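Here are the chains, one letter per residue:
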Amino acid sequence: MIPVGILLAAGRGRRFDPTGAASKLLQPLPGGELLVAASARVLLSSVDKVIAVVRPDDGGVGDCLRTLGCIVTVCPDADSGMAASLVHAIGHSPPDAPSWLIALGDMPYVRAGTMLALRAALEQGAPIAVPVHAGQRGNPVGFGRVHREALLALRGDQGARAILKVHPVSVVSVDDPGVVSDIDTVADLLKTITLA
């Protein structure tokens, strides 16, 4: 069964702009596409349904994601950490979701082939699927339904790292630097990554 996509897009991006005035997710990439739109587009191309989590004062991120076809939900306590957004998304996904492919709104360079490889691993029964590029673990990460309660119990800003530390992980080797390339600073935004 097809995983449900989750796009976490509720962060404030303080490293990008400590004042919080400029929304990192709404910055244009070198090709002109908005950062969060690029991140969402690849996930949307790989699954049937994407639940996108935004914060209450999102500055237009939710509108952008709705236009693309995401199901947007506002996490009232997004500022308490990434776990709150993830718990919110799992709680708002269909009760019969077989698995989740969890992507980050600030990682626009992940390739569609990587998303499909992770999806295939989940569909073949992997309880956790993690992409690895050049020996480095990255994102998105896939979780099977067996981890639903553990995901719902997460707290803080570490996301699902605690689950990855104590459960078997299926490694999906990919030739995709996008899985380890997030946009945290203005310098990151100006870099281009070859997608070919």
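Everything below is about the structure printed above this text.
I will try to describe carefully the structure that is included in this document. This one's a predicted model, so the numbers in the text were calculated from it and none came from an experiment.

## Focus on the overall build of the chain
Point 1. Scanning the chain from N- to C-terminus turns up 7 helices and 8 strands.
Point 2. For 196 residues, the compact-globule estimate of 2.2 N^0.38 gives 16 Å, and the C-alpha radius of gyration of the chain, at 15 Å, lies within 12% of that figure.
Point 3. Each of the three principal axes of the chain carries a C-alpha extent, and together these read 40 × 40 × 30 Å.
Point 4. A burial count over the chain gives 51% of its 196 residues as buried.
Point 5. Of all intrachain contacts in the chain linking residues separated by at least 6 positions in sequence, the fraction that spans at least 24 positions is 70%.
Point 6. If you sum the accessible surface of the chain, you get close to 8,900 Å²; carbon and sulfur atoms cover 55% of it.
Point 7. Taking the average location of the 17 positive side-chain charges in the chain and that of its 18 negative ones, the two points are 3 Å from each other.

## Description of helix H4 (residues 112-123)
Point 1. Here H4 is 12 residues long and its end C-alpha atoms lie 16 Å apart, about the 16 Å a rise of 1.5 Å per residue gives.
Point 2. For H4, the secondary structure elements touched by its buried residues are helix H1 (35-44), strand S4 (99-104), strand S5 (128-133), strand S7 (141-144) and strand S8 (170-173).
Point 3. Immediately downstream of H4, the backbone of Gly125 shows phi near 105°, a positive value.

## Concerning the state of the cysteines
A disulfide bridge is the covalent bond that connects two cysteines by way of their sulfur atoms.
Point 1. Taken as a whole, this structure holds 0 disulfides when the rule is applied.
Point 2. Lacking any disulfide linkage, Cys70 is separated from the closest cysteine sulfur, that of Cys64, by 8.4 Å.
Point 3. Given the relative accessible area of 6%, Cys70 is considered buried.
Point 4. Not engaged in a disulfide, the cysteine Cys75 finds its nearest cysteine sulfur in Cys70; these two sulfurs lie 16 Å apart.
Point 5. Of the residues examined, Cys75 reaches a relative accessible area of 0% and is grouped as buried.

## Things to note about the nonpolar core
Point 1. Ranked by internal contacts, the top residues of the largest apolar core, which has 62 residues, are Leu7, Val36, Leu43, Leu65, Trp100, Phe143 and Leu151.
Point 2. At 7 residues, H1 tops the list of elements feeding residues into this core.
Point 3. Dropping the residues within four chain positions of it, Leu43 is found in contact with Gly5, Ile6, Leu7, Val50, Leu101, Ala103 and Met115.

## Observations regarding the pairing of strand S2 (residues 50-54)
Point 1. The buried fraction of S2 amounts to 5 of the 5 residues, a majority that puts the element mostly inside the structure.
Point 2. Residues Val50, Ala52 and Val54 point to one face of S2 and Ile51 and Val53 to the other, with burial holding for every one of them.
Point 3. Across 4 bridges, the pairing between strand S1 (residues 4-8) and S2 is parallel. What sits directly across from Leu8, in S2, is Val53.
Point 4. Here S2 runs beside strand S3 (residues 71-74); their pairing, made up of 4 bridges, is parallel. Directly across from Ile51, in S3, lies its bridge partner Ile71.

## Details of the environment of Val50
Point 1. Its location among the elements puts Val50 in strand S2.
Point 2. Judged by relative accessible area, which is 1%, Val50 ranks as buried.
Point 3. Residues Val50 and Ser93 lie 43 residues apart in sequence; the distance between their C-alpha atoms is 9.1 Å.
Point 4. Look past the residues within four positions of Val50 in its chain and what remains in contact with it is Gly5, Leu7, Leu43, Leu44, Cys70 and Ile71.

## A look at the packing of H1 against helix H2 (residues 61-68)
Point 1. Where H1 contacts H2, the two axes come as close as 10 Å, and the packing angle between them is 30°. The crossing of H1 and H2 is right-handed. Taken together, the residues of H2 that come into contact with H1 (itself represented by Val36, Ala37, Ala40 and Leu44) are Val61, Cys64, Leu65 and Leu68.
Point 2. Class assignment for the residues of the contact of H1 with H2 results in 8 nonpolar, no polar and no charged.

Conventions adopted
- Residues numbered from 1 in each chain as written.
- Predicted model: local features only at pLDDT ≥ 70, side-chain atom pairs only at ≥ 80, totals over all residues.
- Heavy atoms only, no water.
- Helix = DSSP H or I, 4+ residues; strand = E, 2+ residues; numbered from the N terminus.
- Rg over C-alpha atoms; globule rule 2.2 N^0.38 Å.
- Buried < 20%, exposed > 50% of the residue type's maximum accessible area, 1.4 Å probe, protein only.
- Contact = heavy atoms within 4.5 Å.
- Areas by Shrake-Rupley, 256 points an atom, 1.4 Å probe, with all protein chains shown as cover.
- Lys, Arg positive; Asp, Glu negative; His and termini not counted.
- Charge placed at Lys NZ, Arg CZ, Asp CG, Glu CD.
- Expected span 1.5 Å × (residues − 1).
- Disulfide = S-S within 2.5 Å.
- Core = buried A, V, L, I, M, F, W, Y, C linked by side-chain atoms within 4.5 Å.
- Pairing = 2+ DSSP bridges.
- Axes fitted to C-alpha atoms, helices over the stretch in contact; angles between N-to-C directions.
- Left-handed = near helix turned anticlockwise from the far one by under 90°.
- Nonpolar A, V, L, I, M, F, W, Y, C, P; charged D, E, K, R; others polar.

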